[in-house]
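Summary of the model geometry
Okay, here's what each chain looks like letter by letter:
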Amino acid sequence: MTIAAPVTGTIDTHCPYCALQCGMRLTGKTVSPREFPTNRGGLCQKGWTSAALLDSPGRLTEPLVRVEGQLRPASWDRALDLVANQIIEIQAAHGRDAVAVFGGGGLTNEKAYLLGKFARVALGTSRIDYNGRFCMSSAAAAGNKAFGMDRGLPFPVEDLQHADVVLIVGGNPAETMPPFVQHLRDAELIVVDPRRSATAEQAALHLQPAPGTDLALALGILHAVVADGHLRHDYLTGRTSGFDEVWRIAAAWWPERVERVTGVAASDQRAAAALLAGAGNAYVLTARGTEQHARGADMVSAWINLALALGLPGRAGSGFGCLTGQGNGQGGREHGQKADQLPGYRRLDDPAARAHVAAVWGVDPDSLPNPGVSAYELLDEGPRGLLVFGSNVVVSAPHANRVAGKLSDVDLLVVADVVLSETAAMADVVLPVAQWAEEDGTLTNLEGRILLRRRAVRPPVNVRTDLEVMHGLAGRLGQPAERFPVDAQEVFDELRRASAGGIADYAGITYDRLRDGEALHWPVPSTDHPGTPRVFLDRFAHPDGRARFVPVDHSGPAEPPDEEFPLQATTGRVLQHYQSGAQTRLVAELLAAEPEMYVEVHPDTAARAGLEHGDLADVVSRRGRVRARVRCVATIRLDLVFLPFHFPGDGRANLLTNPELDPTSRMPEFKVCAVRLETA
Ligand code: SF4
C-alpha cells in the first residue's frame, strides 16, 4: 500500500499521540519538530516515528465483513447497509438502548461531538461512553467539585518554567511526555510514585507510598503544613470555603501515623510540606497514578485540598493541575461522548442544557435519552449491538477477559479504526478510517488550548473519515443528510453553537483564528474574545467564586494483598508505546526498543518466587494470568510489581486489573490489585 502525494509540500501539524500535542512539521512522511509552546522544538521517540503509521503494512485499507467466521473485504455500501439493517433489527427487538457506542479520547473534537449526536439522535440510545472514562474522569470529578470546572491545566504549560517547586503525584512525564520535562528544569521536584520512575530519578524528594495509600499521604503532608505553621490563612479566608471539615479529618493523620500506613517517613512528609510552603512559586500536578483507584476522585480531592491549604490554585505563578494523557483527552470529555454529557461540558440531566442543544440539533428535547452508564458498566451489561470508534477495549478495559467474553456475545460488533486492533479483530464489521495526518480536525490539549490539525496527506483511496461513517450510517437510519455533515469545519461550527454559553465555550473559536496560530484556551465566548489561558486568577467557577475544600478520608485499595495474593500490581506507560499499543506496536523502531510484555519486580521479591532477571513469569490475580519477562529493579518497593499495559494476548496487563469503580467518576481501579508471582 502506498499513500498518495501530500496535499501540499509541508504542513505544520501536531503529534498524533499524547495530550502534550507537540508541534511538528510533516513533509510527505518525514517528521521534523517545530517550535510550539508545549514542546519548544522537542519530540519524543513516538513523535519522531509517527509518520511510519501512514503507510504501515498493518493499515486497514478497505471495509471488512465477517463471513463464515473470517473477516473478508467488502464494499462500503455492503458494510454500512449490513450495520444499519442490524441496528434497526436489534433496536426493534430489544429497544433503543440495546445498541451502544464506545468512543475514544483520541478522537478529534468534531468526531467526539458528532458521535454524541449520532448516539442520541440517530440511534436514540443512552448507551454511549468512551475510554476517557478510564483516563481522566476522577480528576475531572475532583476538579468540578473543588473549582466548579474541569480543565486539566488551568494555566499554560509554560507557566511551569517559573516554578520553584513542583509536586508531581502519580505521573511520569519524563517517560510519557518527555518534552514536557524541559518546563520543569529550574524547579525542585517532589515526586510521589511507588516506583522510582524516570521522573522520580530527577526529584529532589521521592516519596514512595504503598499502592493505594496516596490519600493518607496527602493528609499527612496537609497535617504537616498546618502543624508547622504553613497554612495560608489569608487565601483560605478570601478564596475558599470548607477548610474546617477537611481539617477535622486531617488532624487525625499526623505524619507518624501516615508513615505506618504509607511507608513514607514522617520526616519526608514534613520536608515536602516545608519545600512547598517555602517556595515562591509552587505547583501540584496529579496524573493517572493517583486517579485510577476505586476512590480516585477522593484521592485527587486530597491533593487539591493540600494545594488550597498552601494557597496555590488561581494564584499567578502557582497552581494545581491534572496532566491529561490522551491526545484529545480534554476535548474528548467536553462535547458529548460521555454518558452524562452534552456539548460545552453541559449536563444531560439539565433541562436548560437539553433544550439548548436540542435546538441546535433541530430535535425535540424530550427525544434525547437520559444519562446512560459508564464505560466499564456499558461493556459489562452486554449490549446486543456495539459500535466502537477509536478504542481497543479488549486490551485497555479492566478485567479484560470478561470484557472480551462480553464482546464475543454481542450480535453486532462494529469497529471503526485505523489498524486491525485486537478489538477490531473480533468485530463483525470493520470500517477503515482516516488517521491524524489524513484529515482536518481540532484537538484540545492538556492546557485547554484548541489546536487545528490539518490534513497533510490523502488517505488511501478506500478509506473514509469517521465523520463520513457517521453520515453514511445516519442516512441509512432515516436521518436527514444535512444533520450529519462530513466536513470537519462545518461540524466544528455546529459544535461552537452547541457549546455556546456552556462551561467549555468554544463559540468564539474559528478555523480561521486557529489557522492564524492564535493561542485560544477555552472558554472563548465570542470571536473577539482572546481566550482564557489562566481560568482561576480572579475567581473559581462556583457561583460564589470560591474554591471548595472537599472532606475525604483514607480507605485503602479495594483489593488488599493477602496470603494467596501477597503482592500488589500497578500498571502504566513506557516511553515507546501509547495506550493499548495498537498503533505503536506497528512502528518497527518502537517495537524493537520495547518488544514484549515485562514485569518490573524487586530482585528479592523475584528470588522469593524462584525467579531471576530475564525469566518468564506468570503474574496472577483473582481475574487472570499474565505472561511476562522478569525485569529486576532494585529501586521498586518489595511489595509491588509494575506492568506496562501496551501488549496484547496473554501479555495484557488488564487481564489482572480490578474493575471496582469509583462511586463518583466510575473510573476503575487500574492502579492496584492483589497478585502473586509464579514461574512460567
Ligand atoms: Fe510529544 Fe506526546 Fe507526541 Fe511524544 S507522544 S512527541 S510527548 S505529543
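Before any of the text, the structure's been laid out above.
None of these values were measured; they are calculated from a predicted model. (Residues numbered from 1 in each chain as written. Predicted model: local features only at pLDDT ≥ 70, side-chain atom pairs only at ≥ 80, totals over all residues. Heavy atoms only, no water.)

Details of the sheet that holds strand β4 (residues 64–67)
Rule in force here: Any two strands are treated as partners once DSSP identifies two or more bridges connecting them. Secondary structure elements follow DSSP: runs of H or I of four or more residues count as helices, runs of E of two or more count as strands, with numbering from the N terminus. Orientation is described by axes fitted as lines to C-alpha atoms, over the contacting stretch for helices, and by angles from 0 to 180 degrees between their N-to-C directions. Only heavy atoms matter for contacts: two residues are in contact if any of them lie within 4.5 Å across the pair.
Spatial ordering of the open sheet is given by β5-β4-β18-β17-β16-β6-β7, a layout of 7 strands whose pairing is mixed. The sheet terminates laterally at β5 (70–73) and β7 (128–130), the two strands that pair on one side only. Geometrically, the sheet is characterised by an average inter-axis angle of 20° between neighbouring strands, direction not taken into account. Sitting on the sheet, helix α3 (residues 109–123) is in contact with β6 (99–103), β7 and β16 (385–389), with an inclination near 175° to β6.

Notes on the packing of α3 against helix α18 (residues 466–476)
The line we're drawing: Small angles under 35 degrees read as roughly parallel and large ones over 145 as roughly antiparallel, with 65 to 115 read as roughly perpendicular and the rest as oblique. We call a crossing left-handed when the near helix sits turned anticlockwise from the far one by less than a right angle, and right-handed when that turn is clockwise. Think of it as three bins: nonpolar holds Ala, Val, Leu, Ile, Met, Phe, Trp, Tyr, Cys and Pro, charged holds Asp, Glu, Lys and Arg, and polar takes everything else, Gly as well.
Two numbers describe how α3 lies on α18: the axes approach to 10 Å, and their chain directions differ by 15°. In terms of their interaxial angle, α3 and α18 are classed as roughly parallel. Seen along the crossing, α3 lies across α18 with a hand that is left-handed. Side by side, α3 and α18 meet where Glu-110, Lys-111, Leu-114, Leu-115, Phe-118 and Ala-122 of the first sit next to Asp-466, Leu-467, Met-470, Leu-473 and Ala-474 of the second. Its residues assigned to classes, the contact of α3 with α18 shows 8 nonpolar, no polar and 3 charged.

Quick notes on the nonpolar core
Let me state the cut-off plainly: Among buried residues, the Ala, Val, Leu, Ile, Met, Phe, Trp, Tyr and Cys ones that are joined through side-chain atoms within 4.5 Å form a nonpolar core. Relative accessibility under 20% of the residue-type maximum defines a buried residue, over 50% an exposed one, and the middle range a partly exposed one, all with a 1.4 Å probe and only protein chains included.
The biggest cluster of nonpolar side chains holds 125 residues, and the ones touching the most others in it are Phe-118 and Trp-303. Element by element, the count of residues in this core is highest for helix α6 (residues 214–227), at 10 residues. Once residues lying within four places of it in the same chain are set aside, the contact partners of Phe-118 are Leu-123, Leu-387, Met-470, Leu-473, Ala-474, Leu-477 and Phe-484. Residues Leu-43, Ala-287, Leu-323 and Ala-437 belong to the second largest nonpolar core, which totals 41 residues.

Overview of the environment of Asp-662
Structurally, Asp-662 can be placed in the loop between β27 (658–661) and β28 (668–669). In the structure, Asp-662 is positioned 525 residues away from Ser-137 in sequence and 9.5 Å away in space, judged by C-alpha atoms. Setting aside residues up to four positions removed in sequence, Asp-662 forms contacts with Ser-138, His-293, Ala-294, Arg-295, Gly-296, Ala-297, Asp-298 and Met-667.

A short note on helix α8 (residues 243–250)
This is how it is decided: This arc corresponds to the set of directions leading from the helix axis out to the C-beta atoms.
Listing the buried residues of α8 in full gives Phe-243, Val-246, Ile-249 and Ala-250. For α8, the angular spread of buried residues about the axis comes to 125°, placing them on one side. Exposed residues on α8 whose side chains face more than 90 degrees from its buried face are Asp-244 and Arg-248. Tucked into the core, α8 has its buried residues touching α6, α7 (233–239), β11 (240–241) and α12 (296–309).

Digging into the site of the ligand
Defined as follows: Near residues are defined by distance, with any heavy atom within 4 Å of the molecule or strand qualifying the residue.
Around the ligand, the surrounding shell consists of Cys-15, Tyr-17, Cys-18, Gln-21, Cys-22, Leu-43, Cys-44, Lys-46, Gly-47, Met-177 and Pro-179. By residue class, the composition of the shell around the ligand is 8 nonpolar, 2 polar and 1 charged.

Concerning the pairing of strand β23 (residues 598–601)
Along any regular strand the residues' side chains alternate between the sheet's two faces. Side chains of β23 alternate between two faces, with Tyr-598 and Glu-600 and Val-599 and Val-601 buried alike. Here β23 runs beside strand β26 (residues 640–644); their pairing, made up of 2 bridges, is antiparallel. Counted as the bridge partner of Glu-600 is Phe-642 from β26.

Considering the sheet that holds strand β1 (residues 10–14)
Here 3 strands make up an open sheet; going across it, the order is β1-β2-β3 and the pairing antiparallel. Of all strands in the sheet, those bounded by a partner on one side alone are β1 and β3 (30–33). Ignoring strand direction, the axes of neighbouring strands in this sheet form an average angle of 30°. By the bridge criterion, 4 bridges tie strand β2 (residues 23–27) to β3 in an arrangement that is antiparallel. Its bridge partner being in β3, Met-24 is matched across the sheet by Pro-33.

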